[in-house]
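# Overview (structure and organization)
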Amino acid sequence: MQSTGASEKVFQMMDLSPTKQSLVEGLKLPKLMGQIEFANVSFYYPSRNMVHAIREVNLLLHPKEVVAIVGLSGSGKSTLVNLLLRLYEPTDGQILMDGFPLRDLDVKWLRERIGFVGQEPRLFRKDIVSNITYGCTRKITHDDVIWAAKQAFAHDFILSLPNGYNTLVDNALLSGGQKQRIAIARAILKDPDILILDEATSALDAESEHYVKEVIHAVQDDVKSRTVIVIAHRLSTIRGADRIIVMDGGRVAEMGGHSDLIHKDGLYARLIKRQMDAFA
């Protein structure tokens, strides 16, 4: 009966018609610099058309900038990423990539240049190498895989596994933090122009969170032009970000550096205090 239920969902997916964005070949830029602009963007999900997920958002993210987006649950953080990945289209306003409307760009070309790590990374019952190289379209070597694993601080624990990089991934074999770091290695291996970490530390222990913080710091020190967007509930993860954007009720409530926002004594300062009290 479980197989029957799963098969029904598979066939439902197979019967779906391709979306317009998948059928139309859009613009491909010679080089993606990673400048992102949200110009008066509003959006509501089709199932909740009476409530805006985000409303009149104006943001400009610069190339080679590490931007953290924080806020309470339901404030619109992940919605911004969904729109950037073109999983949805804005209800009003537009998103610009290097000055070009996002809707005019080729969606496959765009997604190949974005590395994304979600809250719950998906690993497959294959060896570590296959899980890291999954989805990478450029030609790579085993040295490239090791480089990506080192960038994600996963190399050492991979070597400690029974068969190293050839170890078969099993749910009981890896911890949540280890799965997260393999997913980050997968994203880094693509050498993306834009790297998105969506709640990448939400379910990690202190040691694993430390490694993810080191990944963020390593990206900041990277000379390559790469825009990094970090969405986090654990505010300790993003203190070193170049800029912190605080969302509240679908709007941008505050923006600035960690110290500036603390001195402002607004929503960000209250969120920091609330987390400190929780661990006191």
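Refer to the structure presented above.
These notes cover the structure that comes with them. (Residues numbered from 1 in each chain as written. Predicted model: local features only at pLDDT ≥ 70, side-chain atom pairs only at ≥ 80, totals over all residues. Heavy atoms only, no water.)

Per the secondary structure count, the protein includes 11 helices and 10 strands. Residues counted as buried form 45% of the 280 residues belonging to the protein. Contacts in the protein between residues at least 24 apart in sequence constitute 71% of all its contacts with a sequence separation of at least 6. Surface summary for the protein: the accessible area is close to 14,900 Å², and the carbon and sulfur share equals 52%. (Helix = DSSP H or I, 4+ residues; strand = E, 2+ residues; numbered from the N terminus. Buried < 20%, exposed > 50% of the residue type's maximum accessible area, 1.4 Å probe, protein only. Contact = heavy atoms within 4.5 Å. Areas by Shrake-Rupley, 256 points an atom, 1.4 Å probe, with all protein chains shown as cover.)

Throughout the structure, instances matching the rule amount to 4 aromatic pairs. On the numbers, 5.1 Å between centres and 90° between planes, the contact of Tyr-45 with Tyr-88 is edge-to-face. Taken together, the positions of Tyr-45 in the loop between strand S1 (36–43) and strand S2 (54–61) and Tyr-88 in the loop between helix H3 (77–84) and strand S4 (92–97) put the pair 43 residues apart, joining distant regions of the chain. Seen in terms of ring centroids, Phe-124 and Tyr-134 are 4.7 Å apart; in terms of plane orientation they differ by 50°. Their pairing is tilted. In this pair, Phe-124 sits in the loop between strand S6 (114–117) and helix H5 (128–133) while Tyr-134 sits in the loop between H5 and helix H6 (142–151), placing the two residues 10 residues apart along the sequence. Exposure remark for Phe-124: the relative accessible area of 33% places this residue in the partly exposed category. Here the aromatic residues Phe-43, Tyr-45 and Tyr-88 are joined through ring pairs into a cluster of three or more. (Phe/Tyr/Trp six-rings, centres within 6.5 Å; stacked < 30°, edge-to-face > 60°.)

Turning our eyes to something else, we now look at the pairing of strand S3 (residues 66–71). In terms of burial, S3 is a largely internal element, 6 of the 6 residues being buried. Here S3 shows two buried faces, one formed by Val-66, Ala-68 and Val-70 and the other by Val-67, Ile-69 and Gly-71. Pairing of S3 with strand S8 (residues 227–231) involves 4 bridges; the strand directions are parallel. In the sheet register, Val-67 faces S8, and the bridge partner there is Ile-229. (Pairing = 2+ DSSP bridges.)

Here we come to the nonpolar core. Counting residues in hydrophobic clusters, the biggest one holds 42 residues, and the most contacted among them are Ile-128, Ile-132, Ile-158, Tyr-165, Ile-238, Ile-244 and Tyr-268. Of all the elements, helix H8 (residues 176–189) adds the most residues to this core, at 7 residues. Phe-38, Leu-83, Leu-84 and Met-247 belong to the second-largest nonpolar core, a separate cluster that totals 32 residues. (Core = buried A, V, L, I, M, F, W, Y, C linked by side-chain atoms within 4.5 Å.)

Further remarks concern the sheet that holds S1. Spatially, 4 strands are ordered S2-S1-S4-S5 in an open sheet, and the strand pairing comes out antiparallel. Strand pairing shows two members of the sheet lacking a second neighbour, S2 and strand S5 (100–101), which therefore form its edges. Relative to S4, S1 runs antiparallel, the two being bridged by 5 bridges. For Ile-36, the partnering residue across the bridge sits in S4 and is Met-97.

Following the sequence through the fold, Gln-178 ends up in helix H8. Given a relative accessible area of 19%, Gln-178 falls into the buried group. Those residues in contact with Gln-178 that lie beyond four places of it in its chain are Phe-157 and Leu-173.

Positive phi is not limited to glycine here, since Glu-56 has a value of about 50°. Structurally, Glu-56 can be placed in strand S2. Overall, the relative accessible area of 46% leaves Glu-56 in the partly exposed class. Phi is positive for Asp-191, close to 50°, though the residue is something other than glycine. Locating Asp-191 in the fold gives a position in the loop between H8 and strand S7 (194–198).

With that settled, the discussion passes to the sheet that holds S3. An order of S6-S7-S8-S3-S9-S10 is seen for the 6 strands of this open sheet, with the pairing classed as mixed. Of all strands in the sheet, those bounded by a partner on one side alone are S6 and strand S10 (251–256). Averaged over neighbouring strand pairs, the angle between their axes works out to 15° when direction is ignored. Along the sheet, H8 contacts S6 and S7; its crossing angle with S6, the most-contacted strand, is approximately 175°. (Axes fitted to C-alpha atoms, helices over the stretch in contact; angles between N-to-C directions.)

Attention now moves to helix H1 (residues 2–15). The end-to-end C-alpha distance of H1 is 20 Å, a good match for the 20 Å that 14 residues give at a rise of 1.5 Å each. The element H1 is largely exposed, with a buried count of 0 among its 14 residues. (Expected span 1.5 Å × (residues − 1).)

Attention shifts here to a nonpolar patch on the surface. Together, Val-10, Phe-11 and Met-14 make up a nonpolar patch on the protein surface, roughly 330 Å² of accessible area in all. By the element assignment, Phe-11 lies in helix H1. (Patch = residues over 30% accessible without salt bridge, like charges linked within 9 Å, V, L, I, M, F, W, Y side chains within 5 Å. Salt bridge = Lys/Arg side-chain N within 4 Å of Asp/Glu carboxyl O.)

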